[in-house]
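# Survey of secondary and tertiary structure
Chain by chain, the residues run as shown.
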Amino acid sequence: MRYPDGGGLTAEGRARREKVRLQAASMFEQDMEPAQIAKVLRVSTKSVYQWRRRWRAGGEEALASEGPGGNACKLDGRQLARLRAALDLGPAAYGWREDQRWTLARIAALIRRLFHVPYTLRGVSYLLHRMG
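Structure report, in brief. Owing to the predicted nature of the structure, the values given are computational and were not obtained by experimental measurement.

The rules behind the values
Residues numbered from 1 in each chain as written. Predicted model: local features only at pLDDT ≥ 70, side-chain atom pairs only at ≥ 80, totals over all residues. Heavy atoms only, no water. Phe/Tyr/Trp six-rings, centres within 6.5 Å; stacked < 30°, edge-to-face > 60°. Helix = DSSP H or I, 4+ residues; strand = E, 2+ residues; numbered from the N terminus. Buried < 20%, exposed > 50% of the residue type's maximum accessible area, 1.4 Å probe, protein only. Lys NZ or Arg CZ within 6 Å of the ring centre and 35° of its normal. Axes fitted to C-alpha atoms, helices over the stretch in contact; angles between N-to-C directions. Parallel < 35°, antiparallel > 145°, perpendicular 65-115°, else oblique. Left-handed = near helix turned anticlockwise from the far one by under 90°. Contact = heavy atoms within 4.5 Å. Nonpolar A, V, L, I, M, F, W, Y, C, P; charged D, E, K, R; others polar.

## Considering the packing of aromatic side chains
The full count for this structure, using the stated rule, is three aromatic pairs. Taking the centre distance of 5.3 Å and the plane angle of 45° together, the rings of Phe-28 and Trp-55 count as tilted. Here Trp-55 lies in helix H3 (residues 45-58) and Phe-28 lies in helix H1 (residues 11-29), a separation of 27 residues in the sequence. Both residues of the pair, Phe-28 and Trp-55, belong to the buried class. A ring pair is formed by Tyr-94 and Trp-102, whose centres lie 6.4 Å apart and whose planes are at 45°; its orientation type is tilted. For Trp-102, a relative accessible area of 24% translates into the label partly exposed. Following the ring pairs from residue to residue traces out a cluster consisting of Tyr-94, Trp-96 and Trp-102. Positioned above the aromatic ring of Tyr-119, the side-chain terminus of Lys-74 is 4.9 Å from the ring centre.

## With respect to the packing of helix H4 (residues 77-89) against helix H5 (residues 104-115)
Axes are the key here: two packed helices are described by the angle between their axes and the distance separating the axes. It is at 11 Å that the axes of H4 and H5 come closest, and there the two elements cross at 125°. One finds that H4 runs oblique with respect to H5. As for how H4 packs across H5, the hand of that crossing is right-handed. Every residue of H5 that contacts H4 at Gln-79, Arg-82, Leu-83, Ala-86 and Leu-87 is listed here: Ile-107, Leu-110, Ile-111, Leu-114 and Phe-115. The residue makeup of the contact of H4 with H5, split by class, is eight nonpolar, one polar and one charged.

See below:
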């Protein structure tokens, strides 16, 4: 499922899902059938089977939310501000005089040059979306 902000669930959404998993845990303790749990909680049977496996291995703690998904940004807030300022200067300021367009490859090279941090083209795309 895709989300409009490019990320996963909000903190409230993660808490709501965790609450459903914990309800399932109490049903596991009562030996309810996975299909019945899925129907009551209005989730897929596959999810219930996964939750039950995790619950058997680690109890309710194993069903706790793990926080937001995805990798953490490789650049900190100060570096992101510096990158934004560098992008505002334009490609010519960094030696690309042929044309005045930022490409993903150029931005990846700029990040490597400024911060010594490697980024893939897809990673640069995600970073730019995150930056707005």
